[in-house]
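A structural walkthrough
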Amino acid sequence: MVERITPIAPLNEARILIVGLGLIGGSLAAALRAAGFAGAPTGGFGPVEIAACDPDADEIARGIDMGLIDHGDTRLAPLVEGATMIVLAVPVLAMRSVMLELAGLLPPETLGGPTPQVTITDVGSTKAAVRDCALAAFGELPSGLVLGHPIAGSEKSGVAASNPELYVNHKVILTPGPETAASAIARVEALWRACGADVLEMDVERHDQVLARTSHLPHLLAFSLVDTLARQDERLDIFRYAAGGFRDFTRIAGSDPVMWRDIFTANRGAVLAALDDFEAGLVRLRQAVEASDGDAMLSIFDRASHARHYFDSLLNQTSYQAEYHMQQQGKLTFRAAPGGRVAGRIRVPGDKSISHRSIMLGALAEGVTEVKGFLEGEDSLATLQAFREMGVAIEGPHQGRVTVHGVGMHGLKAPSGPLYVGNAGTAMRLFAGLLAGQGFDTELIGDASLTKRPMGRVADPLRLMGAKIDTAEGGRPPLKIHGGQPLKGIDYDMPMASAQVKSCLLLAGLYAEGETRVREPAPTRDHTERMLAGFGYEVHREGDTCWLSGGGKLTAAPIDVPSDISSATFFLVAAAITPGSNLTLEHVGINPTRIGVINILKLMGADLHLTNEREVGGEPVADIHIRYAPLRGIDIPVDQVPLAIDEFPALFIAAACASGTTRLRGAEELRVKESDRIQAMADGLATLGVKHTVLEDGIDIVGAGESEVAYGGGRIDSLGDHRIAMSFVVASLRAGEEIVIDDCANVATSFPGFTELAQVVGLSVREEGEVTNAEDEV
């Protein structure tokens, strides 16, 4: 597991000695100089003397001429005295000799204790080898030794290629051991942060495994491919007419051969393991090509293609697999100016709940399922990618169209690692039921927000069915599901109204012996039951209970995903609170279990009408026309709460603009969503100056009525909750001042393109902030 390090101290070194003045060492010196750490007392942040040792006297002279170092020598001994930090920027295979020399030059006490006088760090690409060198040289690992690895580089070499920007927004991985002094870690962290790097922590073995796959193996393959082609008779034509793809892939083969020989030698075990995995994959692909197995080739190519694109998108939001946890969370802020209008005719993205289920059931069906209107948001893409990881060939998405080549009820294959579902509680809970019936083990992981959400509500009844599931403390993710367990149907009374729990148990029931019956305390969305029926699987419903029998099969069927009423809600509320508004939302799903928001807005006095009502793929849809009308506060009927549970953040804004008090009760479920939505919205309303009273199961909100300005502005923390973020953008329409909403990156989980569509209908909102994708090490 990778852990981000919290900054502890600023750079405060009197003298830094860089051993090895090539590209990496020279760029380190250049970055420190550019940051203002000069050798003279008048320079920048303070005096930091930089010395360098290199066997090439010309490199030392060049470094001095370039102003990178104050002085240097080809010998190490004259430079060690007085150095407070020593950075080893030599090839991995040279580490042993350098460390042996340092061990003879530095008194042991200077490198030991909780506050060592001297700190040693390195830049080696393989850490186990460097750790072994240190043990051989010092007899033990000194507390002042902090092994490190900057993930940055270039095909160029030598101090002349030094680049002060080389480490900016790049990762530096530190791999300290239990013996490493915290003060030494803080000092090395300060060094790299001064260069603009993002400092992370990882254990040695994990580092070498990850880098073998993400850096060392690609370089090995690039060297091999170029060498293979260079030895062919037609090599001149091959290189002359090589396209961009060849150039892009083989660019890294121009890197320093000596350095990479040393890396492959030092990290031999991990590199060979990565090469074994690659060769096994190559054999599978060769067999598919030989057999002209189009489905097998499509499965491999499409999985790879979309994994690559998916990685790019996730680097802007969160991580994808455990080894990518080194990627930084994206930071995004919304700035919404007060006022604006709402008018036009729009179609919001597809329903997330139905998008999830279309992939799940399509994958388990026999035949090919064509999906239209698929939501291309982070959560839905995570579900799609998870099934690719389990061997399902999936084409798309392309403009909302996805083609799923079903593998049947028992055709899924064990994934190679944990399945990442992002921020999607729906996906994790539904997956738990589906995977409980498989013959292989799986682990479900998610982002930081999802890791805080309760999963005992699905794990406990699944255990009653015979499933074996491990959770983290408090019944929270990750979920480890042990396959091969025989499941038996149960009769389960749900303690809470939750479509996710109901769907989870029905999916597990597909694999269970006998009947699985689920009784719900209040109606919840029935997308799973409708879609199962659409795929030819018999599902029964009577009163508050639905049930099915295990052992059947699913048959592929086309799916047209309606626009998501949860996404439409933000614009419904926007039009409802803004004088002069006139808006039509097209092709919105109006499933009877989802229309609580429509019913509540009508009770509040909204001028809202459904037109063009029809049924598509078993789901009712309609166009929704809404114009401004003064709203009034109401006591929200308890029977409508489960039908609008995801829409309440936006409805709170409607309540703040209504006349009188709006009262909500029976909404405890809001406290265990992506955030505690009752408290998060209450905090935001307090910032705007809206009067309210928070209760355990709801809230009272005193609205401003028809006054042009309903409340003030301010800065809101969305807590990474997409619905909180979008709700306060809508609030800007009646605000007196600008509203700034922080931590909005997760809006992409359910509503990609939200700000653009908001601008189209007349809101004044813009995005601020950026994230940087990690670069490959070269």
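A brief report on the enclosed structure follows. (Residues numbered from 1 in each chain as written. Predicted model: local features only at pLDDT ≥ 70, side-chain atom pairs only at ≥ 80, totals over all residues. Heavy atoms only, no water.)

1. Remarks on the side chain of Ser27
Structurally, the position occupied by Ser27 is in helix α1 (residues 23-34). Discounting chain neighbours no more than four positions away, the residues touching Ser27 are Gly22, Ala161, Ser162, Asn163, Pro164, Leu166 and Tyr167. (Helix = DSSP H or I, 4+ residues; strand = E, 2+ residues; numbered from the N terminus. Contact = heavy atoms within 4.5 Å.)

2. Comments concerning the sheet that holds strand β21 (residues 515-519)
Ordered in space as β20-β21-β23-β22, the four strands form an open sheet in which the pairing is mixed. The outermost strands of the open sheet, each flanked by one partner alone, are β20 (491-493) and β22 (540-542). For this sheet, the mean angle separating the axes of adjacent strands, direction not counted, is 15°. Against the sheet, helix α17 (residues 499-509) contacts β20, β21, β22 and β23 (545-549), and its axis sits at roughly 175° relative to β21. (Pairing = 2+ DSSP bridges. Axes fitted to C-alpha atoms, helices over the stretch in contact; angles between N-to-C directions.)

3. A few points about the pairing of strand β17 (residues 442-445)
The pairing of strand β16 (residues 419-420) with β17 spans two bridges and is parallel. Across the sheet, Tyr420 pairs through a bridge with Ile445, a residue of β17.

4. Some thoughts on the sheet that holds strand β32 (residues 739-742)
Across the sheet, four strands lie side by side as β31-β32-β11-β33; this open sheet has mixed pairing. One side of each edge strand has no neighbouring strand; the edge strands of this open sheet are β31 (714-717) and β33 (763-768). Taking the axes of each pair of neighbouring strands and ignoring which way they run, one obtains an average angle of 20° across the sheet. Contacts from helix α22 (residues 677-688) reach β31 and β32 within the one sheet, and its direction differs from that of β31 by about 175°. The strands that helix α24 (residues 754-761) touches are β11 (333-340) and β33; relative to β33, the one it contacts most, it runs at about 155°.

5. Considerations on unusual backbone geometry
Going from Gly396 to Pro397, the amide bond is cis rather than trans, its omega being 10°. Of note, Pro397 is situated in strand β14 (residues 393-398). Cis geometry is found at the peptide bond from Pro477 to Pro478, where omega equals 5°. Structurally, the position occupied by Pro478 is in strand β19 (residues 476-482). Unusually for a residue other than glycine, Asn169 sits at a positive phi of about 65°. Following the sequence through the fold, Asn169 ends up in the loop between β8 (148-150) and β9 (171-174). Its identity as a non-glycine residue notwithstanding, Ser292 has a phi of 50°, on the positive side. For Ser292, the location among the structural elements is in the loop between α11 (268-290) and α12 (294-315).

6. As for the nonpolar core
With 82 residues, the main nonpolar core has Phe334, Phe571, Phe648, Ile653, Tyr711 and Phe728 as its most contacted residues. In terms of residue count, helix α19 (residues 565-577) provides more of this core than any other element does, 10 residues in total. Ignoring anything within four residues of it in the chain, the contact list for Phe728 reads Ile653, Met681, Gly684, Leu685, Leu688, Ile716, Ile739 and Ile741. (Core = buried A, V, L, I, M, F, W, Y, C linked by side-chain atoms within 4.5 Å. Buried < 20%, exposed > 50% of the residue type's maximum accessible area, 1.4 Å probe, protein only.)

7. Thoughts on the environment of Ile18
When you line up the elements, Ile18 lands in strand β2 (residues 15-19). Beyond its immediate chain neighbours, meaning those up to four positions away, Ile18 contacts Gly25, Leu28, Ala29, Ile50, Ala51, Ala52, Cys53, Val87 and Ala89.

8. Considering the packing of helix α4 (residues 95-105) against helix α5 (residues 127-138)
One way to put it is that α4 packs onto α5 with a least axis distance of 8 Å and a crossing angle of 35°. Between α4 and α5 lies a crossing of right-handed hand. Across the interface between the two elements, Met95, Arg96, Met99, Leu100, Leu102 and Ala103 from α4 touch Val130, Cys133, Ala134, Ala136, Ala137 and Phe138 from α5. Its residues placed into classes, the contact of α4 with α5 shows 11 nonpolar, no polar and one charged. (Left-handed = near helix turned anticlockwise from the far one by under 90°. Nonpolar A, V, L, I, M, F, W, Y, C, P; charged D, E, K, R; others polar.)

9. Focus on the environment of Met681
Its place among the elements puts Met681 in helix α22. On the basis of relative accessible area, Met681 is assigned to the buried category, the value being 0%. Along the chain, Met681 and Pro461 lie 220 residues apart, while their C-alpha atoms are 32 Å from each other. With near-sequence residues (within four places) excluded, Met681 lies in contact with Pro649, Phe652, Ile653, Ile724, Ser727 and Phe728.

10. Looking at helix α14 (residues 378-389)
With 12 residues, α14 ought to run about 16 Å at 1.5 Å a step, and its terminal C-alpha atoms sit 16 Å apart, in line with that. Counting buried positions along α14 gives 12 out of 12 residues, so the element sits mostly inside the fold. All of the buried residues in α14 are Glu378, Asp379, Ser380, Leu381, Ala382, Thr383, Leu384, Gln385, Ala386, Phe387, Arg388 and Glu389. Phi turns positive, to about 90°, at Gly391, one or two residues after α14. (Expected span 1.5 Å × (residues − 1).)

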